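If you want the building blocks of each chain, they are given just below.
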Amino acid sequence: MIISIASGKGGTGKTTVATNLAQVLGNRVQLLDCDVEEPNAHLFLQPTFTQSEPVTTPIPLIDETKCTFCRKCADFCEFNALAVVGKQVLVFAELCHSCGGCMLVCPEGAITETSRELGTLNVGNAGEVAFVNGRLRVGEAMSPPLIKRVRAAADPDRITLIDAPPGTSCPVIAAMYETDFVLLVTEPTPFGLHDLKLAVEAVKLLGIPAGLVVNRADIGDNAVFQYAEEEELPLLLTIPFDRQIAEAYSRGRMMVDALPEWRHQFIELFAKIEQIVKVNKEAACVN
Amino acid sequence: MRELVIISGKGGTGKTSLTAALASLAVNTVLCDADVDAADLHLLMQPEMRQHHDFMGGKSARINPDLCTGCDTCRTLCRFDAISERLVVDPIRCEGCGVCVHFCPAGAIEFPVQRCGEWYVSDTRFGTMVHARLGIAEENSGKLVSLIRKEARQLAEEHGHDLILTDGPPGIGCPVIAAIGGATALLIITEPTVSGVHDMERVLDLAAHFNVPGMVCINKFDLNPAMTETIENIAQKRNVAVLGKIPFDPVFTHAMVAGKTLLEYGEETPTHAVVREIWNKIITSPSMHSYGIVDLKATIQ
């Protein structure tokens, strides 16, 4: 089972929910931190990394002794990653999407591939929890290919929790795509509600069942709860604003460790998700 | 004309609330919401839309089954696994590279340009605002950010505005890179948590990478005073000014619920005073005067 934890708005508590769920599920689970721009889950779970490797993506390499400067590669590239200026081919590596098209269209066979580093992939363990994260190289723009590599490192025998990046564009979709359940985390404020609606649209587009966690549930107003009811988005957990929780978080301590009375709440949260996924799968079989 | 971009790395540290508060202190500015993925500034600005434009982004492949001969060439060549065994393109996986289109021997693949979102020019009580909405699950957020920043710049030049205040996106990837290139300075808003510190350092690295001067302010500083000190030490080591420390104060949420900026809401509190002081430091800071033109403070206050 793959559960992604997403939010639309940043800073609502995705990482808090993901790491605490992982902590209570222990050896049954692995956490994939797919917020590769700003990965934070390791600050809480403090894994020991056993493996760390650079992740690269192919980019074109021009052999100018073979090149006739016919411009076919530059004309083909949809991303303007190639330009021919006089007797020189310029490669704008950071714009390249690695489709390989330029290499295929070159009539002289003058293009081969080299690579550009996207970031690093780190694999390890946090106690019994298996842990994987990706760290985007500073200055690199494209996170989706790195997110896909983090997901590919998952162990299929464990429950997978994905800590997704904020927003609703391609990096979030790369983190939510082909998961069994999306756990949406929000706060009951106008910003939280607005961005939750966008996240719900994304989840609907992908056709994945979803549930809601409302964090800092007693700040703001009631509109998020009303919206969840209207949308029939099941409210699976509410976490009040509690200075103790906020302070523990600020130091990198997990709620279930600092305030053990929360353990059973997270165990229950998982049971509810499991139930929804099961019902959903049965419904899919019947259809 | 100068542009201050407010970013944070970590989401939810208060970028939009602070941008809005600064907007209510500034006059003669253009506002730009560059968080096109989850834009929220309009919720406080209640913009009256003056212009509405489609944003045309990349292309997407579509196989015409009437022309397809089932040769499988497209599926073999696609590096994004976007074409199924039944030879249907998955629009979410399609990267819009055009390899399948070019090499289809039957010419059976269409490649239309996609409408990826919308962008707007609006009037607000604090002046003109340029904002946008990227379609759900769309790519090209960086392109849209670049586009609205260019529009904001043009509007500012046409109407003689001296400053653009840009609310940036979270993270350090594509839209953030598009939001900071060519900016006069960055205001990085962080919080004294392990995540806040970690993400601020990544954003400072990014600012250094692209050679844009940064300034820092700390939100909810009293949540963890020791961590606040850590942030101040990091800033000092990196030669980045800390402009102010905002206390943890529910007034930000109350103002948001009321659809107002902090400075329009409630009675003057110490929190209001800190935000005013931050604004004062911004407009007198050397980073904002790096072009050595006119005195920014004199023209926008």
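The structure under discussion appears in the preceding block.
Just so we're clear, the structure is a prediction, and the values are computed from it rather than from any experiment.

Some details on the sheet that holds strand β9 (residues 185-190) of chain B
Residues and elements named next belong to chain B.
Then step 1. What the 9 strands build is an open sheet, ordered β3-β6-β7-β2-β8-β1-β9-β10-β11; its pairing is mixed. For this open sheet the edge positions go to β3 (48-59) and β11 (241-246), each flanked by a neighbour on one side alone. The mean inter-strand angle of the sheet, taken between neighbouring strand axes irrespective of direction, is 20°.
Then step 2. Two strands pair when backbone bridges link them, and strand β1 (residues 2-7) and strand β8 (residues 163-167) are joined in this way by 5 bridges, in the parallel orientation. Looking at the pairing, Leu 4 lines up with Leu 165 of β8.
Then step 3. On top of the sheet, helix α7 (residues 194-209) reaches β1, β9 and β10 (214-219); it is set at about 170° to β9, its chief contact.

Some remarks on the interface of chain B and chain A
Then step 1. Opposite the 51 residues of chain B that make contact, chain A presents 52 residues.
Then step 2. Of all the secondary-structure elements, those providing two or more residues to the side of chain B that touches chain A are β3, α4 (99-103), α5 (141-158), α6 (174-180), α7 and α9 (251-257) of chain B.
Then step 3. Here the element with the most residues in the side of chain B that touches chain A is α7 of chain B; it accounts for 8 residues.
Then step 4. Split into classes, the residues belonging to the side of chain B that touches chain A amount to 21 nonpolar, 19 polar and 11 charged.

Examining the packing of helix α7 (residues 190-206) of chain A against helix α8 (residues 223-231) of chain A
Residue and element names in this part refer to chain A.
Then step 1. For the pair α7 and α8, interaxial distance at closest approach is 9 Å and the crossing angle is 20°. Accordingly, the angle class assigned to the pair α7 and α8 is roughly parallel. For the crossing formed where α7 meets α8, the hand is right-handed. Here Gly 192, Leu 193, Leu 196 and Val 200 of α7 come into contact with α8, specifically with Ala 223, Val 224, Tyr 227 and Glu 231.
Then step 2. Broken down by class, the residue content of the contact of α7 with α8 amounts to 6 nonpolar, 1 polar and 1 charged.

Remarks on unusual backbone geometry
Then step 1. Here Ser 98 of chain A, not a glycine, exhibits a phi torsion of approximately 65°, which is positive.
Then step 2. Secondary-structure assignment places Ser 98 of chain A in the loop between β5 (89-91) and α4 (101-105).
Then step 3. Judged by local crowding, Ser 98 of chain A falls into the buried class, with 22 C-beta atoms found within 10 Å.
Then step 4. Located in the positive-phi region is Asn 28 of chain B, a residue other than glycine, with phi close to 60°.
Then step 5. For Asn 28 of chain B, the location among the structural elements is in the loop between α1 (15-25) and β2 (29-33).

Some words on the packing of α7 of chain B against helix α8 (residues 225-237) of chain B
How two helices pack is summed up by the angle between their axes together with the distance between the axes.
Residue and element names in this part refer to chain B.
Then step 1. Running from N to C, α7 and α8 point in directions that differ by 15°, and their axes come no closer than 10 Å. The angle between α7 and α8 falls in the class roughly parallel. The hand of the α7/α8 crossing is right-handed. Between α7 and α8, the contacting residues are Val 197, Met 200 and Glu 201 on the first element and Met 227, Thr 230, Ile 231 and Ile 234 on the second.
Then step 2. Residue composition of the contact of α7 with α8, grouped by class: 5 nonpolar, 1 polar and 1 charged.

Considering the nonpolar core
Then step 1. Ile 5, Leu 31, Met 176 and Leu 183 of chain A together with Ile 148 and Ile 188 of chain B are the most contacted members of the largest nonpolar core, which totals 153 residues.
Then step 2. If one sorts the elements of this core by residue count, α7 of chain A sits on top with 8 residues.
Then step 3. When neighbours within four sequence positions are excluded, Ile 188 of chain B is seen to be in contact with Ile 7, Ser 8, Met 200, Val 203, Leu 204, Gly 214, Met 215 and Val 216 of chain B.
Then step 4. The next biggest cluster of nonpolar side chains, apart from the first, holds 17 residues, and it includes Cys 94, Val 99, Cys 100 and Val 101 of chain B.

Examining the pairing of β8 of chain B
Residues and elements named next belong to chain B.
Then step 1. With 5 of its 5 residues buried, β8 lies for the most part within the structure.
Then step 2. On β8, burial covers both faces: Leu 163, Leu 165 and Asp 167 on one face and Ile 164 and Thr 166 on the other are all buried.
Then step 3. Note: β2 against β8, 5 bridges, orientation parallel. Residue Thr 29 lies in a different strand from β8, and its bridge partner there is Leu 163.

Parameters at a glance
- Residues numbered from 1 in each chain as written.
- Chains lettered and ligands numbered in written order.
- Predicted model: local features only at pLDDT ≥ 70, side-chain atom pairs only at ≥ 80, totals over all residues.
- Pairing = 2+ DSSP bridges.
- Helix = DSSP H or I, 4+ residues; strand = E, 2+ residues; numbered from the N terminus.
- Axes fitted to C-alpha atoms, helices over the stretch in contact; angles between N-to-C directions.
- Contact = placed C-beta atoms within 7 Å.
- Nonpolar A, V, L, I, M, F, W, Y, C, P; charged D, E, K, R; others polar.
- Parallel < 35°, antiparallel > 145°, perpendicular 65-115°, else oblique.
- Left-handed = near helix turned anticlockwise from the far one by under 90°.
- Buried ≥ 20, exposed ≤ 12 C-beta atoms within 10 Å, placed from the backbone.
- Core = buried A, V, L, I, M, F, W, Y, C linked by C-beta atoms within 7 Å.

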